[in-house]
Amino acid sequence: MFTAISQYAAPKNFFTLSRRLAPVFGWTSLALMIAGAYGGLVVAPPDYQQGESVRIIYVHVPSAWMSLFVYVVMAAAGAAGLIWRVKVMDAIARGSAPLGASFTFLALATGSLWGKPMWGAWWVWDARLTSELILLFLYLGYMALQSAIEDPRVAARAGAILALIGLVNIPIIHYSVEWWSTLHQGPTVTKIGAPSIHISMLVPLLIMALAWMCYYFAMVLVRARCELLLLERNTAWARELTARRAVT
Amino acid sequence: MPELREFLQMGGYALYVWSSYGLSFIVLVLNVIIPLWREKEIVQYIAGQPPRDA
């Protein structure tokens, strides 16, 4: 079992695995997105207080969930790279950053587009919004650090340390709505006991969340294999694979 | 088609709902195109290099 997994720590095997798996996740994600968007925009009912504006949650909530999930993956992969010096882990961490930044940006932007009609303001400095904005800066800081350091090993190490320090922000974002009195509402899906969201809204929300998750897996596989290819550009396997692809 | 118009109006929230979905669409599509395009560039770059360790 361990050797079955650990063989993909070799960049060449990971590259082949990514070529095979990324399209599977990608097409699954597209199908789920179409189903989820149809469910959220057409099938799900309007909210009794928010009216049709509630449909924004089907893109807002998955983006917000993924912004946290991707950060944890980035920090964990960075730590694994730091400890065991596995190039694949460094590549996953590096490839996650722009995707995480994109999800964070979407969570903030769609939240703002919901806040204007519902709260009467594009932005408020409450704990949830502020900590999510800090998350965006953490991603952007990580990416800036990566592009500023030329040696890939030093960049990976510095990035992993930054990501691990920033990890403290994740529980703050998650619990911000409980620790402080925020304008942002509390959790409705992950609440202890039964979720206080109707099944007709929960189903499209979960489909969209799964779509976002598959999307991340597909694109992080592509981004990580780009990083590995560039890193290993002088090795025999990289030359062999690219020569074959450049001809066809 | 009054039903379609009603759907597009989103109960008066059309601007906010469609902007959210449109923005998500743009960001997700860009995140597919950019890495695939970059991979193509990297592959061409490596294939164009003279052999070093052969």
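Cut-off values and rules
Residues numbered from 1 in each chain as written. Chains lettered and ligands numbered in written order. Predicted model: local features only at pLDDT ≥ 70, side-chain atom pairs only at ≥ 80, totals over all residues. Axes fitted to C-alpha atoms, helices over the stretch in contact; angles between N-to-C directions. Helix = DSSP H or I, 4+ residues; strand = E, 2+ residues; numbered from the N terminus. Parallel < 35°, antiparallel > 145°, perpendicular 65-115°, else oblique. Left-handed = near helix turned anticlockwise from the far one by under 90°. Expected span 1.5 Å × (residues − 1). Buried ≥ 20, exposed ≤ 12 C-beta atoms within 10 Å, placed from the backbone. Contact = placed C-beta atoms within 7 Å. Nonpolar A, V, L, I, M, F, W, Y, C, P; charged D, E, K, R; others polar.

J.: Can you lay out the packing of helix H3 (residues 57-84) of chain A against helix H4 (residues 87-119) of chain A for me, pointing to particular residues and giving the numbers?
T.: Residue and element names in this part refer to chain A. One way to put it is that H3 packs onto H4 with a least axis distance of 7 Å and a crossing angle of 160°. Comparing their axes, H4 and H3 come out roughly antiparallel. Crossing hand, H3 versus H4: left-handed.

J.: Hey, could you go over helix H2 (residues 14-47) of chain B for me, with residue numbers and the actual values?
T.: When the terminal C-alpha atoms of H2 of chain B are compared, their 49 Å separation across 34 residues agrees well with the 50 Å that a helix rising 1.5 Å per residue should span. Looking at H2 of chain B, one finds that the buried residues are Tyr-16, Val-17, Ser-20, Ser-24, Leu-28, Asn-31, Pro-35 and Ile-46 of chain B.

J.: Give me the lowdown on unusual backbone geometry, citing residues and values where you can.
T.: Positive phi values are uncommon outside glycine, yet Arg-85 of chain A reaches one of about 55°. Following the sequence through the fold, Arg-85 of chain A ends up in the loop between H3 and H4. Judged by local crowding, Arg-85 of chain A falls into the exposed class, with 12 C-beta atoms found within 10 Å. In this structure, Met-10 of chain B is a non-glycine residue whose phi angle is positive, near 50°. With respect to the secondary-structure elements, Met-10 of chain B resides in the loop between helix H1 (2-9) and H2. Exposure remark for Met-10 of chain B: the 19 C-beta atoms within 10 Å place this residue in the partly exposed category.

J.: Can you tell me about the interface of chain A and chain B, naming the residues and giving the values?
T.: If you look at the interface, chain A gives 33 residues, while chain B gives 25 residues. For the side of chain A that touches chain B, the secondary structure elements donating two or more residues are H3, H4, helix H8 (199-231) and helix H9 (236-247) of chain A. With ten residues, H4 of chain A is the single largest residue contributor to the side of chain A that touches chain B. For the side of chain A that touches chain B, the residue count by class is 19 nonpolar, seven polar and seven charged.

J.: Quick one: what's the story with the environment of Gly-159 of chain A, residue by residue and with numbers?
T.: Residue and element names in this part refer to chain A. Position of Gly-159 among the secondary structure elements: in helix H6 (residues 152-166). Sequence-wise, Gly-159 and Gly-39 are 120 residues apart; in three dimensions their C-alpha atoms are separated by 39 Å. When residues no more than four places from it in sequence are discounted, the contact partners of Gly-159 are Gly-78, Ala-93, Arg-94, Tyr-142, Leu-145 and Gln-146.

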